[in-house]
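# An overview of the molecular structure
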Amino acid sequence: MGPHPAVAAIRLAVRRVLHDILNNVHTTGPHPDGQALGRHPDRAAERPPSPLVLVACSGGADSMALASALAFEAPRLGLRAGGVTVDHGLQAGSDLRADEVALRLRRLGLDPVDSVAVTVGRDGGPEAAARDARYAALDAAAERHGAAAVLLGHTRDDQAETVLLGLARGSGIRSLSGMAAVSGADGRYRRPFLQLDRQTARKACMVQSLPVWDDPHNADPAYTRSRLRHEGLPALEKALGKGVVEALARTAQLARDDADALDAWAGQAEATVRDGAGLLECAKLYALPPAVRRRILRRAAIEAGAPAGSLFARHLEEVDRLITGWRGQGAINLPGKVVARRQGGRLVIRQG
């Protein structure tokens, strides 16, 4: 008799991602038969270690289900499996909970396992600041251990919430595309569960008797995502019927495909709208579709020093008006002390 359907689903999702990771491992890495490529069998002792895959685990149902599936699948594919839990220090006893999560990961057979304490700042609000601190800690752990990838437990429900948050902010199509299945430097972060719902992960934990911790912040109405999860999405499903989450997840994928195509177009077009000195020519920018033009403007602003996370649609609209609605207006101040101004038919974007 095979595993419970929920367990089988999470293992299959993880197995597919691990196969992708193996395919991306450098050709000098471990050979599928256990021999390092280019080495004589008699020198097996000199084989490099198998690639390491880490799981980011908070102790919640999603990440515990992911950790259990990684612990099961990785050895069968010749991979090492480890884990990282991050203590944000935002609740009393958070250090003890992080230690408990680390112990659970070790009991699953993961090694190495890190418990990392971080200091959460205030930039961008509490949720964004916590996310920034968490990813910085995960990046550091991946570098420290030389991990090939870090698995994240975001589900289809998380994806739907992300799309709605982007829609509420009036963000562009890139924001509506939600979370990518592969992201980060060199594709470090992988999200195997984006096609699975939250209940599947919780069911997998239950049938495997895996203890889980439900973060009270996830039910705290002070947080926007929490209100959306417990009030907004249920209201949408009541008004529109079941299937809203699945539809939003499909929307995210369609939006991502479109955003990728427009980014590629903008990358190719950028070289054609710069003069010999590398300055952007307003007349040539004007001839481009707005979606392509604004991508070029955004890239130019970021290259000049504007923080990507602080550069919003309203900023780009103001810069765009220097091209499409030129009436002799003055310079536009952007985040990061970057200034955009029109001079002699050229758009100059640089530190003020």
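Here is what the cut-offs are and how they apply
Residues numbered from 1 in each chain as written. Predicted model: local features only at pLDDT ≥ 70, side-chain atom pairs only at ≥ 80, totals over all residues. Heavy atoms only, no water. Pairing = 2+ DSSP bridges. Helix = DSSP H or I, 4+ residues; strand = E, 2+ residues; numbered from the N terminus. Buried < 20%, exposed > 50% of the residue type's maximum accessible area, 1.4 Å probe, protein only. Polar contact = N/O pair within 3.5 Å; in protein donor to acceptor, adjacent residues only side chain to side chain. Contact = heavy atoms within 4.5 Å. Right-handed = clockwise from strand over helix to strand, strands pointing away. Phe/Tyr/Trp six-rings, centres within 6.5 Å; stacked < 30°, edge-to-face > 60°. Lys NZ or Arg CZ within 6 Å of the ring centre and 35° of its normal. pLDDT = per-residue confidence, 0-100. Core = buried A, V, L, I, M, F, W, Y, C linked by side-chain atoms within 4.5 Å. Axes fitted to C-alpha atoms, helices over the stretch in contact; angles between N-to-C directions.

### A closer look at the sheet that holds strand β4 (residues 149–151)
Taken together, the six strands give an open sheet; going across it, the order is β3-β2-β1-β4-β6-β5, and neighbouring strands pair in mixed fashion. At either margin of the open sheet sits one strand with a lone partner, and together these are β3 (113–117) and β5 (182–183). Relative to strand β2 (residues 80–87), strand β1 (residues 52–56) runs parallel, the two sharing five bridges. Opposite A56, over in β2, you have V84 as the bridge partner.

### Here's the deal with the side chain of R229
Mapped onto the elements, R229 comes out in helix α8 (residues 224–240). What makes R229 buried here is its relative accessible area of 19%. One polar contact links R229 to D158, side chain to side chain, over a distance of 3.4 Å. Among all residues touching R229, those that are not within four sequence positions of it are D158, E161, R198, N218 and P234.

### Thoughts on the pairing of β3
As paired strands, β2 and β3 are joined by five bridges and run parallel to one another. By the bridge assignment for β3, G83 is matched with V113. Once the chain exits β2 it traverses helix α3 (residues 94–107) before rejoining the sheet at β3, and the crossover so formed is right-handed.

### Some details on the packing of aromatic side chains
Inspection of every chain in the model, using the stated rule, returns one aromatic pair. On the basis of an interplanar angle of 85 degrees and a centroid distance of 5.1 Å, the ring pair of Y135 and Y189 is categorised as edge-to-face. Of this pair, Y135 sits in helix α4 (residues 126–145) while Y189 sits in strand β6 (residues 189–190), placing them 54 residues apart in sequence. As far as burial versus exposure is concerned, Y135 and Y189 are alike and both buried. In this structure, R76 is placed above the aromatic ring of F72, and the distance from its NZ or CZ to the ring centre is 3.7 Å.

### Side note on the confidence of the model for the protein
Mean pLDDT over the protein works out to 90, with 93% of the residues at or above the 70 mark. Considering only residues more than four positions removed or in separate chains, one finds that residues 30–40, a stretch of pLDDT under 50, has 22 contacts.

### Here we look at the nonpolar core
In this structure, L18, L70, L110, L151 and F193 are the most contacted members of the largest nonpolar core, which totals 35 residues. When residues of this core are traced back to their parent elements, those giving at least two are α1 (5–24), β1, α2 (61–73), α3, β4 and α7 (198–207). Setting aside chain neighbours within four positions, we find L110 in contact with V55, A67, A71, A81, G82, G83 and L105. Listed in part, the 26 residues of the second largest apolar core include A300, A301, A304 and L334.

### As for the sheet that holds strand β9 (residues 338–343)
Here four strands make up an open sheet; going across it, the order is β7-β10-β9-β8 and the pairing antiparallel. Of all the strands in the sheet, the pair left with one neighbour each is β7 (280–281) and β8 (332–334). Two elements, β8 and β9, share three bridges in a ladder whose sense is antiparallel. By the bridge assignment for β9, I332 is matched with A340. Against the sheet, helix α11 (residues 290–304) contacts β7, β8, β9 and β10 (346–351), and its axis sits at roughly 35 degrees relative to β10.

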